[in-house]
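So you can see what is in the structure, the chains are spelled out below.
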Amino acid sequence: MDFGFTEEQLMIQDVARRIAQEKIAPSAEHFDRTGEFPLDNIRLLGENGLMGIEVPTEYGGAGMDPVSYVLAMIEIAEADCAHSTIVSVNNSLFCNGILKFGTEAQKQLYVRAIAEGREIGAFALTEPQSGSDATAMRCRAVKQADGTYVINGKKSWITSGPVAKYIILFAMTDPAKGAKGITAFMIDTAKPGFHRGKTEPKLGIRASATCEIEFQDYVATADEVVGVEGEGFKIAMGVLDAGRIGIASQAVGLAKAAYKAAVAYAKERKSFGQAIGSFQMIQAKIADMKCRLDAAEILTLRAAWAKAQTDRNGGRFSTEASVAKLTASEAAMFITHQALQIHGGMGYSKEMPLERYFRDAKITEIYEGTSEIQRLVIARNETGLR
Ligand code: CAA
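Residues numbered from 1 in each chain as written. Predicted model: local features only at pLDDT ≥ 70, side-chain atom pairs only at ≥ 80, totals over all residues. Heavy atoms only, no water.

(A) Looking closely at the pattern of salt bridges. Using the criterion set out here, one finds 21 salt bridges in the structure. The closest approach of N and O atoms between Arg-112 and Glu-116, which form a salt bridge, is 3.0 Å. Residue class for Glu-116 comes out partly exposed when judged on its relative accessible area of 24%. With its nearest N and O atoms 3.1 Å apart, the salt bridge here joins Lys-165 to Asp-188. Here Asp-188 lies in strand S5 (residues 182-188) and Lys-165 lies in the loop between strand S3 (149-159) and strand S4 (166-172), a separation of 23 residues in the sequence. The buried category is assigned to Asp-188, whose relative accessible area is 19%. Through salt bridges with shared partners, a single network forms among Asp-32, Lys-350, Glu-355 and Arg-359. (Salt bridge = Lys/Arg side-chain N within 4 Å of Asp/Glu carboxyl O. Buried < 20%, exposed > 50% of the residue type's maximum accessible area, 1.4 Å probe, protein only. Helix = DSSP H or I, 4+ residues; strand = E, 2+ residues; numbered from the N terminus.)

(B) Just the pairing of S5, in detail. Of all 7 residues in S5, 7 are buried; the element is thus mostly enclosed. Here S5 shows two buried faces, one formed by Ile-182, Ala-184, Met-186 and Asp-188 and the other by Thr-183, Phe-185 and Ile-187. Relative to S5, S4 is paired through 7 bridges, and the arrangement is antiparallel. When the bridges of S5 are listed, Ile-168 appears paired with Met-186. Of the pairings in the sheet, the one linking S5 to strand S8 (residues 225-226) comprises 2 bridges and is antiparallel in character. If you follow Phe-185 over to S8, its bridge partner there is Val-225. (Pairing = 2+ DSSP bridges.)

(C) Region of interest: the packing of helix H3 (residues 66-79) against helix H4 (residues 81-101). Between H3 and H4, whose axes approach to 8 Å, the crossing angle comes to 155 degrees. Between H3 and H4, the crossing angle belongs to the class labelled roughly antiparallel. In this structure, H3 contributes Tyr-69, Met-73, Ile-76 and Ala-77 to the contact, and H4 contributes Cys-81, His-83, Ser-84, Val-87, Ser-88, Asn-91 and Ser-92. Of the residues assigned to the contact of H3 with H4, the class counts are 6 nonpolar, 5 polar and no charged. (Axes fitted to C-alpha atoms, helices over the stretch in contact; angles between N-to-C directions. Parallel < 35°, antiparallel > 145°, perpendicular 65-115°, else oblique. Contact = heavy atoms within 4.5 Å. Nonpolar A, V, L, I, M, F, W, Y, C, P; charged D, E, K, R; others polar.)

(D) Structural context of the site of the ligand. Around the ligand sit 26 residues in total, of which Thr-159, Lys-180, Lys-234, Asp-241 and Arg-244 are the nearest. A distance of 2.7 Å separates an oxygen atom of the ligand from a polar atom in the side chain of Thr-159. Within the contact set of the ligand, an oxygen atom lies 3.0 Å away from a side-chain nitrogen or oxygen of Arg-380. Burial of the ligand by the surrounding chains reaches 77%, relative to a free accessible area of 1100 Å². Of the residues that constitute the shell around the ligand, the class distribution is 11 nonpolar, 7 polar and 8 charged. (Near = heavy atom within 4 Å. Polar contact = N/O pair within 3.5 Å; in protein donor to acceptor, adjacent residues only side chain to side chain. Areas by Shrake-Rupley, 256 points an atom, 1.4 Å probe, with all protein chains shown as cover.)

(E) Structural detail: the UniProt feature "domain: Acyl-CoA dehydrogenase/oxidase N-terminal" (unreviewed entry) in the chain. Feature annotation in UniProt assigns "domain: Acyl-CoA dehydrogenase/oxidase N-terminal" (unreviewed entry) to the following positions: residues 6-117. Secondary structure content for residues 6-117 is 75% helix and 0% strand, while the C-alpha to C-alpha distance between its ends is 25 Å. (UniProt positions renumbered as here; feature names shortened; annotations may be inferred.)

This is how it looks when you write it as structure tokens:
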């Protein structure tokens, strides 16, 4: 099948592959073991246009399209899932959010440093008591007589929170209005009233730093409102549609790494006098892995194509994004599990990356909308029922 990728798309894929194989893959085990944030690798990705792939060149990005983003993300995630998390949040949640909903001044002020990878961006929606039910947030932004907003509250599970310079925050400006009482703000983490909690110890993607953040009388000006007051929930949902394509790409890259390792091992490992790949039970696993991997990759490219259409013509790509995220994350979980099983005891050992792939895969079924939320979005969109 020929997707007809353009020269530019293949070029950015090649740049991502080179950095992924030369710098990220060799250091992935170190960053997983230590939990250190891979700052030098992220800076290198930024210098090569990979921290703002869809950001126009005038704001410091690579000026590429959603398909390029998917191709690059797959390469990075194949080398290390944690790096691809940092890349994904920077690209699809932060840069995409400001480009789509921010003012010209906000684009000028906040996008360049993030797109160039000199600073890191984050996205703060989840709270300790509200994850899937995002409208149940308690973080409050109270408008003052002078037009500023005073923000108080906590946000949790903030990817890149420990290192972020700028964060898109969602807070309640009018609790009586529910979803229509939420507003998005641009947060500068250097300003007074912003605090970071401890970094979360996680099962996987350990090099991607995650923490709670807290606002205590943080003052945001009217110029720091992103979009229109009261439209924050729609902004969050629209931005997450793009984010879900990033997570789908991540899952595809991770699944590819596990699949390739499994096929190589099945050909090389001998048991009962023959390569284990010649046994039908291993062959069945490989066939099932291959089908899910290809389905995930094709659906992720379709979602990127759908986003490119809506970037030009308007409309939504929520269903395509959720279908891709659901299929790819469940494929990654299945494939990393089977790949570990094919490796037997070696798969369980920290001397090989299989156990890391398996730990990293789990998060793709949880963040940016759990698999249950993706099913809900797809079914609601398909039936029109709630
Ligand atoms: N784009 C634009 N608007 C949207 C939209 C979208 N994708 N989805 C919904 N909306 C609009 C609706 O049209 C509706 O507007 P109107 O009232 O004008 O019709 C409004 O938003 C409210 O929509 P719903 O009634 O459908 O909202 P809901 O309360 O039923 O919630 C939900 C829907 C699908 C459950 C949603 O809350 C959801 O996706 N939850 C999951 C949240 C999530 O993904 N969290 C991840 C945290 S971020 C993260 O993980 C980042 C990280 O660090 C890696």
